[in-house]
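Secondary and tertiary structure notes
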Amino acid sequence: MPALVHQKCFEHAQREASSRCLNCKRYYCRECVVEHAGRITCTACLRELAARKSSRRISYGAVFAALGFLMAWLVFYGLGRLLLMIPAQFHEGVM
Ligand SMILES: [Zn+2]
Ligand SMILES: [Zn+2]
């Protein structure tokens, strides 16, 4: 990376850039970047990633809630069908 030496930090114009954000491809000094999931990421991108992840978590929660409801409905539907299949005489004998 020979061009890196001549690059300045995107946030700090007086500082030499030491790293490049893999997400936005901008150059930053050591203070402006963090390692996130094995990738060099600037704080702005990290915040964006965190926001995206949290919003995705909410949608996943909704999906899981819907799936849970569907599973519960299927179980109760199956049980209902099962109870209907059992002859009425058998029910009277148990009660
Ligand atoms: Zn970035
Ligand atoms: Zn900086």
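In what follows, the structure referred to is the one given above.
Residues numbered from 1 in each chain as written. Chains lettered and ligands numbered in written order. Predicted model: local features only at pLDDT ≥ 70, side-chain atom pairs only at ≥ 80, totals over all residues.

**Brief notes about the pairing of strand 3 (residues 33-36)**
Selection rule: In short, DSSP must find at least two bridges between two strands for them to pair. A run of H or I in DSSP counts as a helix once it spans at least four residues, and a run of E counts as a strand once it spans at least two, with each numbered from the N terminus.
Examined bridge by bridge, strand 3 and strand 4 (residues 39-42) share 4 bridges and lie antiparallel to one another. Counterpart to V34 in the pairing with strand 4 is T41.

**Section: the environment of R30**
Rule in force here: Residue burial is a threshold on neighbouring C-beta atoms within 10 Å of the residue's own C-beta, all placed from the backbone, with 20 or more meaning buried, 12 or fewer meaning exposed, and counts in between meaning partly exposed.
Take R30: it is sitting in the loop between strand 2 (27-28) and strand 3. What makes R30 exposed here is the crowd of 12 C-beta atoms within 10 Å. Sequence separation of R30 and E16 is 14 residues, and the distance between their C-alpha atoms is 9.1 Å.

**Concerning the nonpolar core**
Heads up, the condition is: Here a nonpolar core is just a set of buried residues of the types Ala, Val, Leu, Ile, Met, Phe, Trp, Tyr and Cys, joined wherever their C-beta atoms sit within 7 Å. By definition, residues are in contact whenever their C-beta atoms, placed on the basis of the backbone, come within 7 Å of each other.
Grouped together as the largest cluster of nonpolar side chains are 9 residues: C9, A17, C21, Y27, Y28, C32, V33, C42 and C45. Apart from residues no more than four positions distant in its own chain, Y28 is found in contact with C9, F10, E11, A17, S19, C21, V33 and C42.

**Digging into the environment of H12**
Note that H12 resides in the segment before strand 1 (19-20). Separated by 17 residues in sequence, H12 and C29 place their C-alpha atoms 7.5 Å apart.

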